[in-house]
Amino acid sequence: MRKRKIILSAGVLLILVAAGILLYRLPAMRRTDAPESKSVYKVLPGDPEWEQLGSVEDKIRACSVDEDILRSLTDEELVQAVLDYPFLIDLFAADDSEVAVQSLRRNSDAFQELLFRENAKEILLEWVRTRKADSERPISAKDEIQRDEVTILLMYTDELKQALTEEDMQTLSGFSSLVAGR
C-alpha cells in the first residue's frame, strides 16, 4: 500500500512538473503561429499589455470577443480561436477535465460559439481528420498539445461526449495520446 502511494505521489508530481513546463512554454509556442493566422484576441500572453492586466479575471475579460466577429468565422477559424484561447491550458492543469471544460464554457466566447453551432462535434472531428490526413508533416509539441486539447473537448463536453459514436472514437484513436490506450 505504501509503495502504491509513493508511485501515485510521483505520478502527481510528474504531472505538475509537466503542467508547469507547458504553462511556461505554451505562450511562446502559441505566438509562433503562421503570420497569416490572425488571432481574434486583442491581447495574449507574451504581449506587454497582458501582464499589465493584473488579475486572472481581468485577463479573462480582455479575452472576450465580439459576437459578430465570432459568427463571421469559418468553422476552421473558430476552432483556431478556441485553441488560441489563453486559458485553454487549464484543461491540463485541472484534476477533473469535466470541471475544466465547464470553466472554459463559462469563460471562452469562442468555445460558446462553437457549441452554439449545431454541428460542433463534426467541426471538431473534421479538424481531427484534416490533421490526421496530414501525416507528411512532423508533429510538433504544439501540434501534440492541440490534438490533446481537441480530444479533451470532444470527450469531456457533455453534449459532444454523448454524441460520440464508435466510429468517432476510431477517428480519435491514434490521434491523441489520450485515446491511444482505449
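First things first, this report covers the structure right here in the doc. (Residues numbered from 1 in each chain as written. Predicted model: local features only at pLDDT ≥ 70, side-chain atom pairs only at ≥ 80, totals over all residues. Heavy atoms only, no water.)

Describing the packing of helix 5 (residues 75-84) against helix 8 (residues 109-116)
At a closest axis distance of 8 Å, the pairing of helix 5 and helix 8 adopts a crossing angle of 140°. Between helix 5 and helix 8 lies a crossing of left-handed hand. Contacts from L78, A81 and V82 of helix 5 reach helix 8 at A110, F111, E113 and L114. Class assignment of the residues belonging to the contact of helix 5 with helix 8 gives a composition of six nonpolar, no polar and one charged. (Axes fitted to C-alpha atoms, helices over the stretch in contact; angles between N-to-C directions. Helix = DSSP H or I, 4+ residues; strand = E, 2+ residues; numbered from the N terminus. Left-handed = near helix turned anticlockwise from the far one by under 90°. Contact = heavy atoms within 4.5 Å. Nonpolar A, V, L, I, M, F, W, Y, C, P; charged D, E, K, R; others polar.)

Observations concerning the packing of aromatic side chains
For the structure shown, the criterion picks out four aromatic pairs. Seen in terms of ring centroids, W50 and F87 are 5.8 Å apart; in terms of plane orientation they differ by 40°. Their pairing is tilted. Here the residue W50 occupies a position in helix 2 (residues 48-52), and F87 occupies one in the loop between helix 5 and helix 6 (90-93), the gap between them amounting to 37 residues. Taking relative accessible area as the criterion, W50 reaches 6% and is therefore assigned buried. Their ring planes at 90° and their centres at 6.1 Å tell us that W127 and F175 sit as a pair that is edge-to-face. Remark: F175 occurs in the segment after helix 12 (166-172) and W127 occurs in helix 9 (residues 120-133); sequence separation between them is 48 residues. (Phe/Tyr/Trp six-rings, centres within 6.5 Å; stacked < 30°, edge-to-face > 60°. Buried < 20%, exposed > 50% of the residue type's maximum accessible area, 1.4 Å probe, protein only.)

Focus: the nonpolar core
One broad trend across soluble globular proteins is that nonpolar side chains are buried collectively. Counting 43 residues, the largest nonpolar core has Y41, F111, L114, L124, L153, L154 and L172 as the members making the most contacts within it. Looking at this core, the elements that each hand over two or more residues are helix 5, helix 7 (97-107), helix 8, helix 9, helix 10 (141-156) and helix 12. Considering each element in turn, this core owes the most residues, six residues, to helix 9. (Core = buried A, V, L, I, M, F, W, Y, C linked by side-chain atoms within 4.5 Å.)

Observations regarding helix 9
Compared with an ideal rise of 1.5 Å per residue, which puts 14 residues at 20 Å, helix 9 spans 20 Å between its outermost C-alpha atoms and is within 8% of the ideal. Within helix 9, the full set of buried residues consists of A120, K121, I123, L124, L125, W127, V128 and R131. Buried residues along helix 9 sit against helix 5, helix 8, helix 10, helix 11 (158-163) and helix 12. (Expected span 1.5 Å × (residues − 1).)

Some details on the environment of S64
By the element assignment, S64 lies in the loop between helix 3 (56-62) and helix 4 (67-72). For S64, a relative accessible area of 38% gives the class partly exposed. Separated by 45 residues in the primary sequence, S64 and D109 have C-alpha atoms spaced 6.1 Å apart. A polar contact is formed between the side chain of S64 and the backbone oxygen of R61, at a distance of 3.0 Å. (Polar contact = N/O pair within 3.5 Å; in protein donor to acceptor, adjacent residues only side chain to side chain.)

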